[in-house]
Amino acid sequence: MSHPRLSLQTKYSSAENAKALFDPNASFTLIYWDVASVGASARDMLSLGKVQWKDRHPTDEEWGGGKLPTPFGVMPVLEVHSSDGKTIPLTESIAVDLFLAKRFHLLGDNEWEEATIKGFYSNIHYLRERSFMTVTWTHSSLRKIALDNFIGKTLPQFIADHEFHLRENGSNGHYVGDKISLADIHLSNIIDHFSYLPSGDVMRGLFNESDLLCKVKTKVDAHPEIAAWRASAPWNTLARATVKVYECTAPPSEE
Ligand SMILES: N[C@@H](CCC(=O)N[C@@H](CS)C(=O)NCC(=O)O)C(=O)O
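Thresholds applied
Residues numbered from 1 in each chain as written. Predicted model: local features only at pLDDT ≥ 70, side-chain atom pairs only at ≥ 80, totals over all residues. Heavy atoms only, no water. Helix = DSSP H or I, 4+ residues; strand = E, 2+ residues; numbered from the N terminus. Rg over C-alpha atoms; globule rule 2.2 N^0.38 Å. Buried < 20%, exposed > 50% of the residue type's maximum accessible area, 1.4 Å probe, protein only. Contact = heavy atoms within 4.5 Å. Areas by Shrake-Rupley, 256 points an atom, 1.4 Å probe, with all protein chains shown as cover. Lys, Arg positive; Asp, Glu negative; His and termini not counted. Charge placed at Lys NZ, Arg CZ, Asp CG, Glu CD. Salt bridge = Lys/Arg side-chain N within 4 Å of Asp/Glu carboxyl O. Expected span 1.5 Å × (residues − 1). Polar contact = N/O pair within 3.5 Å; in protein donor to acceptor, adjacent residues only side chain to side chain. Core = buried A, V, L, I, M, F, W, Y, C linked by side-chain atoms within 4.5 Å. Domains from an automatic or database assignment. Phe/Tyr/Trp six-rings, centres within 6.5 Å; stacked < 30°, edge-to-face > 60°. Lys NZ or Arg CZ within 6 Å of the ring centre and 35° of its normal. 1 Å grid on protein atoms, 1.4 Å probe; cavity = no way out; pocket = protein on both sides within 12 Å on 5 of 7 lines; lining within 4 Å. Points joined across faces, edges and corners; volume = space filled by probe spheres on them. Nonpolar A, V, L, I, M, F, W, Y, C, P; charged D, E, K, R; others polar.

The protein has the name GST C-terminal domain-containing protein in an unreviewed UniProt entry, where Podila verticillata NRRL 6337 is given as its organism.

Spelled out as structure tokens, the structure:
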């Protein structure tokens, strides 16, 4: 069944859309399920940016009943509301994250830093995508072998690769330069993501063995605005709901 589609063409011109996106007084609505998952980095950045933002969690009735048009039938969708009343929708988590990172100065200080941060972000993002596609949402009979492979090979390789790059940047708890960036924030959220899964203790254990990765996470989580958001009741509700959602993805032997 096809979903109700939302056009990305607003009734405004391209230039007006662009102006609205960077309106310093804009507010934001993140439309996503009431879980951390693919919305987590965006929420951290909205908090860090000290802007007015809110979560909108569609009800099952609204979503299942086809009452919420989106560009591709998936969320997150970020709505940017300019102070002169325009609402500009943005789709796809990568585009949303990159937009927010640019808006809140989380893409470094020059073209090289930006391209390098985006490279790290993409690699971090791909780890979660691989796990979604090959482990979490695979056929239940394949989950055990897929999980063993992920824990035995994919994750250790990822950690070793990222330790190499963090060391190359001076082991200072940042991927690029000496300040927080989109890459740092995404790593922190991906570590959380794996902690929420049924084998979360094992995965979190592997991350915990890496001082270099933990240093990045500690710094992100200690950022004043991010720390305040993560200490809030809504953040904790999202974290608990995420654990519940993934419970059904445990391999059969663990059920
Ligand atoms: N490529 C998309 C994928 C987003 C996605 O898969 N969203 C899921 C929730 S995590 C969704 O909205 N699924 C539709 C549904 O549950 O009916 C992105 O990164 O934004």
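Student: Which parts of the structure should I look at to understand the overall build of the protein?
Tutor: For the protein, the count of helices and strands is eleven helices and four strands. Radius of gyration (C-alpha) of the protein: 19 Å, near the 18 Å computed for a compact globule of 255 residues. Along the first, second and third principal axes, the C-alpha atoms of the protein reach 50 × 45 × 30 Å. Within the protein, buried positions represent 50% of all 255 residues. Within the protein, counting contacts between residues at least 6 apart in sequence, those at least 24 apart form 72% of the total. On the protein, roughly 12,400 Å² of surface is accessible, and the fraction owed to carbon and sulfur atoms is 55%. Computing the positive centroid from 26 side-chain charges and the negative centroid from 32, the protein places the two 3 Å apart.

Student: How should I be thinking about the pattern of salt bridges in this particular structure?
Tutor: Two side chains carrying opposite charge are able to pair once their charged atoms lie near each other. A full pass over the atoms with the stated rule returns 14 salt bridges. Across the pair Asp84 and Lys86 runs a salt bridge whose closest N-O atoms are separated by 2.9 Å. Here Lys118 makes a salt bridge to Glu114, at a shortest N to O gap of 2.8 Å. With Lys118 and Glu114 both in helix H5 (residues 111-136), this residue pair falls four residues apart, about one helical turn. A single network of salt bridges, built from pairs that share partners, joins Asp44, Asp192, Lys217, Asp221 and Arg230.

Student: So what exactly am I meant to see when it comes to H5 here?
Tutor: Since one α-helical turn is 3.6 residues long, residues separated by three or four positions face the same way. The end-to-end C-alpha separation of H5 is 36 Å, in line with the 38 Å expected for 26 residues at 1.5 Å each. Among the residues of H5, the N-terminal cap falls to Asn110, whose side-chain oxygen and the backbone nitrogen of Trp112 are separated by 3.1 Å.

Student: Honestly, helix H7 (residues 182-196) in this entry has me stumped. Any pointers?
Tutor: For H7, built from 15 residues, the straight-helix expectation of 21 Å at 1.5 Å per residue is met to within 8% by its first-to-last C-alpha distance of 21 Å. Of all the 15 residues making up H7, 14 are buried; the element is thus mostly covered by neighbouring parts of the structure.

Student: Is there a simple way to think about the nonpolar core in this case?
Tutor: As a rule of thumb, soluble globular proteins bury nonpolar side chains together. Among the nonpolar cores identified, the biggest contains 62 residues, and Phe28, Leu78, Val80, Leu100 and Tyr175 are the most heavily contacted of them. Split by domain, this core shows at least three residues from each of two domains, domain 1 (14-103) and domain 2 (111-254). Those residues within four positions of Val80 in sequence are excluded, and the remaining contacts are Ala20, Leu21, Ala26, Ser27, Phe28, Lys86, Thr87, Ile88, Leu90 and Phe99. Ranked by size, the runner-up nonpolar core spans seven residues in total, among them Tyr196, Trp229, Trp235 and Ala239.

Student: Explain the packing of aromatic side chains to me, please; I cannot follow it from the model alone.
Tutor: The relation between two aromatic rings is expressed through the spacing of the ring centres and the mutual angle of the planes. Under the counting rule described, the total for this entry stands at nine aromatic pairs. A centroid spacing of 6.3 Å and a plane angle of 65° characterise the contact between Phe28 and Phe104, whose relative ring orientation is edge-to-face. A residue pair is termed long-range when its members are at least 10 positions apart, and Phe28 in strand E1 (residues 27-31) and Phe104 in the loop between helix H4 (93-103) and H5 qualify at 76 residues. Between Phe132 and Tyr246 the ring centres are 6.5 Å apart and the planes differ by 35°, which places this aromatic pair in the tilted class. Here Phe132 is found in helix H5, whereas its partner Tyr246 is found in helix H11 (residues 233-247), with 114 residues between them in sequence. According to the relative accessible area criterion, Phe132 is buried, its value standing at 9%. Feature note: the residues Phe132, Trp137 and Tyr246 constitute an aromatic cluster, connected by ring pairs. Residue placement shows Lys86 over the ring face of Tyr12; its charged tip is 5.2 Å from the ring centre.

Student: I would appreciate a short explanation of the layout of surface pockets in the present structure.
Tutor: In this structure, the largest pocket encloses a volume near 440 Å³. Lining of the largest pocket is provided by 20 residues; of these, Tyr32, Trp33, Ser37, Val38 and Met75 occupy positions nearest its centre. For the lining of the largest pocket, the elements supplying multiple residues, two or more each, are H4, H5 and H11. Counted by class, the lining of the largest pocket contains twelve nonpolar, five polar and three charged residues. Two domains each provide a minimum of three residues to the lining of the largest pocket, namely domain 1 (14-103) and domain 2 (111-254).

Student: Sorry if this is basic, but what is going on with the environment of Asp23 here?
Tutor: By secondary structure assignment, the location of Asp23 is in the loop between helix H1 (14-21) and E1. Residue Asp23 is classed as buried on the basis of its relative accessible area of 11%. Between the C-alpha atoms of Asp23 and Val80, which are 57 residues apart in sequence, the distance is 9.2 Å. Setting aside residues no more than four positions away along its own chain, Asp23 makes contact with Ser82, Ser83, Asp84 and Arg103.

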